[in-house]
Amino acid sequence: MDLNPPAFSTFTHDGLSIAYFDEGDPSGDPILLIHGFASSANVNWVYPGWLKTLGDAGYRVIALDNRGHGASSKPHDPAVYHPPAMASDAVALLDHLGIAEAHVMGYSMGARISAFLTLAHPNRVRSLVLGGLGIGMVTGVGDWDPIADALNAPSLDGVTHERGRMFRAFADQTKSDRKALAACISTSRDLLSVDDVGRIEVPVLIAVGTKDDIAGSPQELAALIPHALALDIPGRDHMLAVGDRVFKKAALEFWAKVGQA
């Protein structure tokens, strides 16, 4: 685990302040990282070692704190958290940095945002890595209303729903704005159709932990996307898969092949 976060900058988009870092090799191929729900760029990408791994491999490593998260603005209006709006922040960051095209990797909610981004701006995405979200991108990932209830509860002590307790504890640990997260969870789970994912033409790697009870099958999603590979991350659940060495190794091999194509 890397506990030394990089310096963050900010820019304004859609009336919101969006925090981001731009690290690694400035002349390397850019990789844009989009974190998951209740997380942040540091929690998903710095502390589990992705920034170091990708920087050491010669990439330019860019990550943002999604609206509602980290050091970015945290509106409490659910209407601003639909995936196309959140994806527009990521595209605006590429514009802000003058980057025409990047590899994009998202985890969980960030994977959903990354897929919406790719469909809306296919010319901006060179390849796509979807972590922590498989066929649930199309079929849904269960009832998340108890998670919103858990986030709005006065304390963790009164939360009995297992998944609700997990995300509430995570939000408390990361000192998140729980009202912003409750607004986000209510609207950020828009689904893509079978036809939608079938229109993703870039190379795709879909990586899900074998003990992940949220994401759904990576193989089922990969079967719907023309140029997709599925990866099982052995023995990892939704929270632990993100920093796994098997995941990192597979992603590096995937990008190396894309770079040779």
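Residues numbered from 1 in each chain as written. Predicted model: local features only at pLDDT ≥ 70, side-chain atom pairs only at ≥ 80, totals over all residues. Heavy atoms only, no water.

1. What about the layout of surface pockets?
If a probe the size of a water molecule is rolled over the atoms, the empty space left behind becomes visible.
Line of reasoning, step 1. Space inside the largest pocket adds up to approximately 510 Å³.
Line of reasoning, step 2. Around the largest pocket, the lining is made up of 20 residues, and of these V43, P48, F170, M239 and V242 lie nearest the centre.
Line of reasoning, step 3. Elements represented by at least two residues in the lining of the largest pocket include exactly α1 (41-46) and α7 (162-173).
Line of reasoning, step 4. Sort the elements by how many residues they give to the lining of the largest pocket and α7 lands first, with three residues.
Line of reasoning, step 5. What the second largest pocket holds in volume is close to 190 Å³.
Line of reasoning, step 6. Looking at side-chain class alone, the lining of the second largest pocket contains five nonpolar, eight polar and four charged residues. (1 Å grid on protein atoms, 1.4 Å probe; cavity = no way out; pocket = protein on both sides within 12 Å on 5 of 7 lines; lining within 4 Å. Points joined across faces, edges and corners; volume = space filled by probe spheres on them. Helix = DSSP H or I, 4+ residues; strand = E, 2+ residues; numbered from the N terminus. Nonpolar A, V, L, I, M, F, W, Y, C, P; charged D, E, K, R; others polar.)

2. Focus: helix α3 (residues 83-97)
Line of reasoning, step 1. When the terminal C-alpha atoms of α3 are compared, their 22 Å separation across 15 residues agrees well with the 21 Å that a helix rising 1.5 Å per residue should span.
Line of reasoning, step 2. Residues of α3 that are buried include every one of P83, A85, M86, A87, D89, A90, V91, A92, L93 and L94, and no others.
Line of reasoning, step 3. Positive backbone phi, approximately 70 degrees, marks G98, located one or two places after α3. (Expected span 1.5 Å × (residues − 1). Buried < 20%, exposed > 50% of the residue type's maximum accessible area, 1.4 Å probe, protein only.)

3. Re the packing of helix α6 (residues 145-152) against α7
Line of reasoning, step 1. Interaxial distance between α6 and α7 falls to 8 Å at its minimum, and their mutual angle equals 45 degrees. Comparing their axes, α7 and α6 come out oblique. As for the relative orientation of α6 and α7, their crossing is right-handed in sense. Counted together, P146, I147, A150 and L151 of α6 and R163, G164, F167, R168 and A171 of α7 form the full contact between these two elements.
Line of reasoning, step 2. Here the residues of the contact of α6 with α7 are counted per class, giving six nonpolar, one polar and two charged. (Axes fitted to C-alpha atoms, helices over the stretch in contact; angles between N-to-C directions. Parallel < 35°, antiparallel > 145°, perpendicular 65-115°, else oblique. Left-handed = near helix turned anticlockwise from the far one by under 90°. Contact = heavy atoms within 4.5 Å.)

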